[in-house]
Number of protein chains: 2
Amino acid sequence: MTPRPDWLRAPAALPDGDARAGAAVHQLALTKPPGALGRLEAVAIRLASLQRLSKPVVRRPQICVFAADHGVVQEGVSAFPQEVTAQMVLNMARGGAAISVLARETGSAIELISLGTVMHIAPHPLVREAVIGPGTANFARGAAMTDAQLAQALGEGRAACERALADRRDLFIGGEMGIGNTTSASALACALLGRPAEDLVGPGTGLDGPGIGRKRDVVAQALALHRVSADDPLAALRCMGGFEIAALAGAFVACAQRRLPMLIDGFITSVAALAAVRICRGAGDWMLLGHVSAEPGHRCVVAALEAAGAEAPLLDLGMRLGEGSGAAAALPLVRLACALHAEMATFDQAGVAPKSG
Amino acid sequence: MTPRPDWLRAPAALPDGDARAGAAVHQLALTKPPGALGRLEAVAIRLASLQRLSKPVVRRPQICVFAADHGVVQEGVSAFPQEVTAQMVLNMARGGAAISVLARETGSAIELISLGTVMHIAPHPLVREAVIGPGTANFARGAAMTDAQLAQALGEGRAACERALADRRDLFIGGEMGIGNTTSASALACALLGRPAEDLVGPGTGLDGPGIGRKRDVVAQALALHRVSADDPLAALRCMGGFEIAALAGAFVACAQRRLPMLIDGFITSVAALAAVRICRGAGDWMLLGHVSAEPGHRCVVAALEAAGAEAPLLDLGMRLGEGSGAAAALPLVRLACALHAEMATFDQAGVAPKSG
């Protein structure tokens, strides 16, 4: 068994049933046919139960993007060269990446955490250096990381959650950057869901047919090599994870333990969320899924997260970028759900006749 | 033939093919895998072609909500009493309705236009009085309105578009309020799509099974009574429309003629949009669909609008409120699409290596 850091043993916090019930009653009093705001009603009610507020709010969202390189890129599984990881971290820091634009537009704080890249990242005030190594080992040939590296990555995620709490942040969005990380995420999803490689391997950033075939073979080979049990998420992360994926899993466990609601991004982030709910039962209650990715394997992972209590995806726009972009794109909807819940008049207040029988 | 007001004969403006092509090329240069922003890329490219701008923007959206009562309510087709139309207009004016909250949160201007309600609406500075009559006649027994009333309603829509243009608005959202108006919209959709009542009649604001059966019978009876040809949208509006639906159709035609992009709401608004594209070929190019409603008939109408050139719905959240709420909820996505298009760095600017192979 891969050793389990002590802090992972704490249970997820419980949502507040009274706040949920109160919010549900309030929704029925608002000047609209019952249920007419659809999923926006469910989101407001869920957030009320998580924030223990009759009128939930998302005023101070935090985006944390974890970046790291992947040894498995040696197997030819990505459409982009590996130096792009570091280049994109700098692009994010300079404000030119999709997640940079989305953070600005949504008024979200953004933090970039480098866990180790092959190409050196020049120091930048917006990039937090938390280097574990120059990337993982090639998991097609051996374990991706050591026990100590896994513990460090999980701990970096937890630390990001704690910084967000110290800064009074009210919603956590995790993002990732790492050339090759759909290969790692696909292998993890296969291990955690007990599915074969062909079910969950897709084009990632844009592989063609032969590229997908090669990636599928690499994942199948890794699954046969490591033979991780579906009920050992830490072993899965150690053998086939990435530093950024393990950090996201650690952050998500910590958020659930510490009552910080999460808005989850696409395929890679969702696989980290799946690891988190396997590490910490009940963590799913704290997750709202931002979107369904165009990466084909995402729907299976989404189904598993919904079964673990997560709120179903809000968007389905064919996005497949990562970085946290799909979650950030869904953030305005979460805020509109809160505003409608808090600001609409009730039938009584408005003097509107309620539904006739 | 129902007489056609002269202004309806002007054709829809043409989107700018060069602006579209330029925007598409620009998207490929941005620091992301090609296509990775999914539908957000298509929305930015579409808006570039409509606004004739290399970097489209939505800074000054306009929401116009048209309200009117429906004689067909006499047939027992709504879950709410008819005085709710006027009550809800006042609720909107006072800021308590869903569309009021969404307008505030999205920084949209909102205008409420009363075209005639059974219950008097007390004068309010935010309610524009443009009364055509105290509601339509019961279209299950005769024509809903006269030729003159139809022309007046269409003209009120056109006037709303012109006020928006005079105020330099850059996106038009139409909304509606009218107890009974899903019955009118269902009948119109059946006539314009050549489908039977059972295909398109649904619960509206919340009818139960027997209520839906009654509504379906009323629509079937009206279709048999009026025998409107699918290629005569003005006759359909006159015989079975509502003042607010005809006004929306007029507004949408005018927006397409005058180069004002539209974000279309749910079932009722989409039926008005369908009438608009039947009146004015090419109007669909100017429409982005905000969402798919939970009202079952909406998907058929959406398919027809997409076939007429409209951008497919952005949201599918089970909303079924009307008022323009589903379009307003989609507005932040349109803005994020514009921001990503305008503000992301290119591969060259960021010094990021493009896709290999």
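Residues numbered from 1 in each chain as written. Chains lettered and ligands numbered in written order. Predicted model: local features only at pLDDT ≥ 70, side-chain atom pairs only at ≥ 80, totals over all residues. Heavy atoms only, no water.

Here we take up the relation of the copies chain A and chain B. When chain A is brought onto chain B, the operation consists of a screw motion whose angular component is 180° and whose axial shift is 0.0 Å, with 0.0 Å RMSD remaining. Taken together, the rotation and translation describe the operation of a two-fold axis. A shared interface surface links the copies, since 100% of the contact residues of chain A are contact residues in chain B too. (Least-squares fit on C-alpha atoms with pLDDT ≥ 70 in both. Contact = heavy atoms within 4.5 Å.)

Packed helices, taken two at a time, are described by their axes: the angle between them and the distance between them. All names here are of chain B. The N-to-C vectors of helix 6 (residues 181–193) and helix 8 (residues 209–226) enclose an angle of 45°; their axes lie 10 Å apart at closest approach. Taken as axis vectors, helix 6 and helix 8 run oblique relative to one another. In the packing of helix 6 onto helix 8, the handedness of the crossing is right-handed. Side by side, helix 6 and helix 8 meet where Thr-182, Thr-183, Ser-186, Ala-187, Cys-190 and Ala-191 of the first sit next to Lys-215, Val-218, Val-219 and Leu-223 of the second. For the contact of helix 6 with helix 8, a count of residues per class yields six nonpolar, three polar and one charged. (Axes fitted to C-alpha atoms, helices over the stretch in contact; angles between N-to-C directions. Helix = DSSP H or I, 4+ residues; strand = E, 2+ residues; numbered from the N terminus. Parallel < 35°, antiparallel > 145°, perpendicular 65-115°, else oblique. Left-handed = near helix turned anticlockwise from the far one by under 90°. Nonpolar A, V, L, I, M, F, W, Y, C, P; charged D, E, K, R; others polar.)

Residue and element names in this part refer to chain A. Within strand 1 (residues 61–67), seven of the seven residues are buried, which leaves it mostly tucked inside the rest of the structure. Taken together, the seven bridges between strand 1 and strand 4 (residues 171–177) define a ladder with parallel strand orientation. Pairing of Cys-64 across the sheet is with Gly-174, part of strand 4. Bridging between strand 1 and strand 2 (residues 109–114) involves six bridges; their strand directions are parallel. Its bridge partner lying in strand 2, Phe-66 is registered against Ile-113. (Buried < 20%, exposed > 50% of the residue type's maximum accessible area, 1.4 Å probe, protein only. Pairing = 2+ DSSP bridges.)

Let us look at the pattern of salt bridges. All names here are of chain A. In the structure shown here, the tally under the stated rule is 30 salt bridges over all chains. Taking the shortest distance from any N to any O, the salt bridge between Lys-32 and Glu-41 comes out at 2.9 Å. According to the relative accessible area criterion, Glu-41 is buried, its value standing at 10%. Of the charged contacts in the structure, one is a salt bridge between Arg-39 and Glu-311, with a shortest N-O distance of 3.6 Å. Residue Arg-39 is located in helix 2 (residues 39–51), and its partner Glu-311 is located in the loop between helix 12 (298–307) and helix 13 (325–343); the two are separated by 272 residues in the primary sequence. Here Arg-39 matches Glu-311 in class, with each residue buried. (Salt bridge = Lys/Arg side-chain N within 4 Å of Asp/Glu carboxyl O.)

According to the stated counting rule, one finds four aromatic pairs over all chains in the structure shown. Consider the rings of A:Phe80 and B:Phe347, whose centres lie 6.4 Å apart with planes at 20°: the pair is stacked. With A:Phe80 in the loop between strand 1 and helix 3 (84–93) and B:Phe347 in helix 14 (residues 347–350), this pair bridges two chains. Its relative accessible area of 6% is what places A:Phe80 among the buried residues. (Phe/Tyr/Trp six-rings, centres within 6.5 Å; stacked < 30°, edge-to-face > 60°.)

Let's shift gears to the side chain of B:Ser78. Residues and elements named next belong to chain B. Structurally, Ser-78 is set in the loop between strand 1 (61–67) and helix 3 (84–93). The exposure class of Ser-78 is buried, given its relative accessible area of 19%. Looking at Ser-78, its side chain comes within polar contact range of the main-chain nitrogen of Phe-80, at 3.1 Å. With sequence-adjacent residues up to four places away left out, Ser-78 is seen in contact with Ile-179, Gly-180, Thr-205 and Leu-207. (Polar contact = N/O pair within 3.5 Å; in protein donor to acceptor, adjacent residues only side chain to side chain.)

We now examine the interface of chain A and chain B. Taken together, the contacts link 55 residues of chain A with 55 residues of chain B. Among the residues chain A hides against chain B, the three largest losses belong to A:Phe80, A:Leu317 and A:Leu336. Together they make up 13% of the total. The interface formed by chain A and chain B holds two salt bridges in total. The shortest N-O distance in the salt bridge between B:Arg104 and A:Glu343 comes to 2.9 Å. Between the two partners, chain A and chain B, sit 14 residue pairs in polar contact (both at pLDDT 80 or more). Only helix 2, helix 3, helix 4 (98–106), helix 13 and helix 14 (347–350) of chain A provide two or more residues apiece to the side of chain A that touches chain B. (Buried area = accessible area lost by both parts, 1.4 Å probe.)

Right, let's get into the nonpolar core. One finds A:Phe252, A:Met287, B:Leu237, B:Phe252 and B:Met287 to be the most contacted residues of the largest nonpolar core, which totals 278 residues. Contacts of B:Phe252, omitting those with residues within four sequence positions, involve B:Phe172, B:Gly174, B:Met262, B:Ile264, B:Thr269, B:Ala272, B:Ala273, B:Ala276 and B:Met287. (Core = buried A, V, L, I, M, F, W, Y, C linked by side-chain atoms within 4.5 Å.)

It is worth spelling out the side chain of A:His341 at this point. Residue and element names in this part refer to chain A. Within the secondary structure layout, His-341 lies in helix 13. Under the relative-accessibility criterion, His-341 is labelled buried at 0%. A polar side-chain atom of His-341 sits 3.0 Å from the main-chain carbonyl oxygen of Ser-54. Residues in contact with His-341, not counting those within four places in the same chain, are Ala-23, His-26, Gln-27, Leu-30, Ala-44, Ser-54, Lys-55 and Pro-56.

Glancing now at the sheet that holds strand 6 (residues 287–289) of chain B. Residue and element names in this part refer to chain B. Spatial ordering of the open sheet is given by 3-2-1-4-5-6, a layout of six strands whose pairing is parallel. The open sheet has two edge strands, strand 3 (127–129) and strand 6, and neither has a second partner. Along the sheet, successive strands turn relative to each other by an average axial angle of 30°, direction set aside. Here strand 2 (residues 109–114) runs beside strand 3; their pairing, made up of three bridges, is parallel. Counted as the bridge partner of Ile-113 is Arg-128 from strand 3.

Another aspect to go through is the confidence of the model for chain A. Looking at chain A as a whole, the pLDDT averages 96, with 99% of positions reaching at least 70. In the predicted assembly, ipTM is 0.97 and pTM is 0.97. (pLDDT = per-residue confidence, 0-100.)

As a further point, take the state of the cysteines. Scanning all chains against the criterion turns up zero disulfides over all chains. Distance from the sulfur of A:Cys300, which forms no disulfide, to the nearest cysteine sulfur (A:Cys190) is 9.2 Å. Of all cysteine sulfurs in the structure, the one in B:Cys255 sits closest to B:Cys280, which takes part in no disulfide; the separation is 11 Å. (Disulfide = S-S within 2.5 Å.)

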